[in-house]
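An overview of the molecular structure
The primary structure of each chain is shown beneath.
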Amino acid sequence: DAGITQSPRHKVTETGTPVTLRCHQTENHRYMYWYRQDPGHGLRLIHYSYGVKDTDKGEVSDGYSVSRSKTEDFLLTLESATSSQTSVYFCATRGLAGATYNEQFFGPGTRLTVL
Amino acid sequence: EDQVTQSPEALRLQEGESSSLNCSYTVSGLRGLFWYRQDPGKGPEFLFTLYSAGEEKEKERLKATLTKKESFLHITAPKPEDSATYLCAVQAEGGTSYGKLTFGQGTILTVHP
């Protein structure tokens, strides 16, 4: 399994405050992804990265930004958190090599509550 | 637009009672279909990738099959530890290579001893 950690694992914040979630991987995978998971919507892609400093938007990117300054780290920032961003956030990676070249591997998730 | 529909939404089985989960998909061209298992409070765990109709893959009590319109996850003689949410996702051909996945909403499987 890909070594993926997310921090923090739980966070409660207030509306209007900035929040940054961190994803760290030890597998040297090229691709990294941020998803949110909500009841009734399943997993939806927020942003993804295809290399250091190379990022692009997913299907639900409004209100989110990302950065990737190192292969192993992918940050998700909520510039001004809103209650609609209360969700569970998952990071995933994809290596493009070996037997699992096309599979995405997921981290443990961060539960974010915006009051 | 790619779509994935999983059924049933929830399935309750007795230990040893075999059954199947369904994943119906609509995609312009299928590059791959993925099955994941998700335990409460954890991230999805990869199970299988299927690439072409007729393909089958097995792992312990699970077998995944693929047709041109749907995939089945067959569970043979399930045990309580198989209880989890099972997610299906598709990746379409063409477009960018970033590996966009479209997920279904999952089937919650509960296996009673």
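See above for the structure.
Residues numbered from 1 in each chain as written. Chains lettered and ligands numbered in written order. Predicted model: local features only at pLDDT ≥ 70, side-chain atom pairs only at ≥ 80, totals over all residues. Heavy atoms only, no water.

Attention now goes to the overall build of chain A. From N to C terminus, chain A includes zero helices and eleven strands. What you see in chain A, going N to C, is helices and strands ordered as β-β-β-β-β-β-β-β-β-β-β. In terms of overall dimensions, chain A is globule-like: its C-alpha atoms have a radius of gyration of 13 Å, near the 13 Å expected for 115 residues. In terms of overall dimensions, chain A has C-alpha extents of about 45 × 30 × 25 Å along its principal axes. Across the 115 residues of chain A, 50% fall into the buried class. Nonlocal contacts in chain A, meaning residues at least 24 apart in sequence, comprise 56% of its contacts between residues at least 6 apart. Summed over all atoms, the accessible surface of chain A reaches about 5300 Å², with 48% contributed by carbon and sulfur. Taken together, the 12 basic and 12 acidic charged side chains of chain A have centroids lying 2 Å from each other. (Helix = DSSP H or I, 4+ residues; strand = E, 2+ residues; numbered from the N terminus. Rg over C-alpha atoms; globule rule 2.2 N^0.38 Å. Buried < 20%, exposed > 50% of the residue type's maximum accessible area, 1.4 Å probe, protein only. Contact = heavy atoms within 4.5 Å. Areas by Shrake-Rupley, 256 points an atom, 1.4 Å probe, with all protein chains shown as cover. Lys, Arg positive; Asp, Glu negative; His and termini not counted. Charge placed at Lys NZ, Arg CZ, Asp CG, Glu CD.)

Another aspect to go through is the pairing of strand S8 (residues 70–75) of chain B. Residues and elements named next belong to chain B. Residues Ser 71, Leu 73 and Ile 75 of S8 are buried on one face, while the alternating residues Glu 70, Phe 72 and His 74, pointing to the opposite face, are not. Relative to S8, strand S3 (residues 19–26) runs antiparallel, the two being bridged by six bridges. Its bridge partner lying in S8, Ser 20 is registered against His 74. In this sheet, S8 lies alongside strand S7 (residues 62–66) in antiparallel orientation, the contact comprising five bridges. Following the sheet pairing, Ala 64 is matched in S8 by Leu 73. The hairpin turn running from S7 into S8, its antiparallel successor, is three residues long. (Pairing = 2+ DSSP bridges.)

Let us now look at the state of the cysteines. Cysteine pairs can be covalently joined through their sulfur atoms, and such a bond is termed a disulfide. Residue and element names in this part refer to chain A. Per the counting criterion, the structure on display carries two disulfides over all chains. Residue Cys 23 pairs covalently with Cys 91 via a disulfide, S to S 1.9 Å. Where Cys 23 bonds to Cys 91 through sulfur, the torsion about that S-S bond is close to -70 degrees, and the disulfide is left-handed. Separated by 68 residues along the polypeptide, Cys 23 in strand S3 (residues 19–25) and Cys 91 in strand S9 (residues 87–94) bring together distant segments of the chain. In this pair, the class of Cys 23 matches that of Cys 91, namely buried. (Disulfide = S-S within 2.5 Å.)

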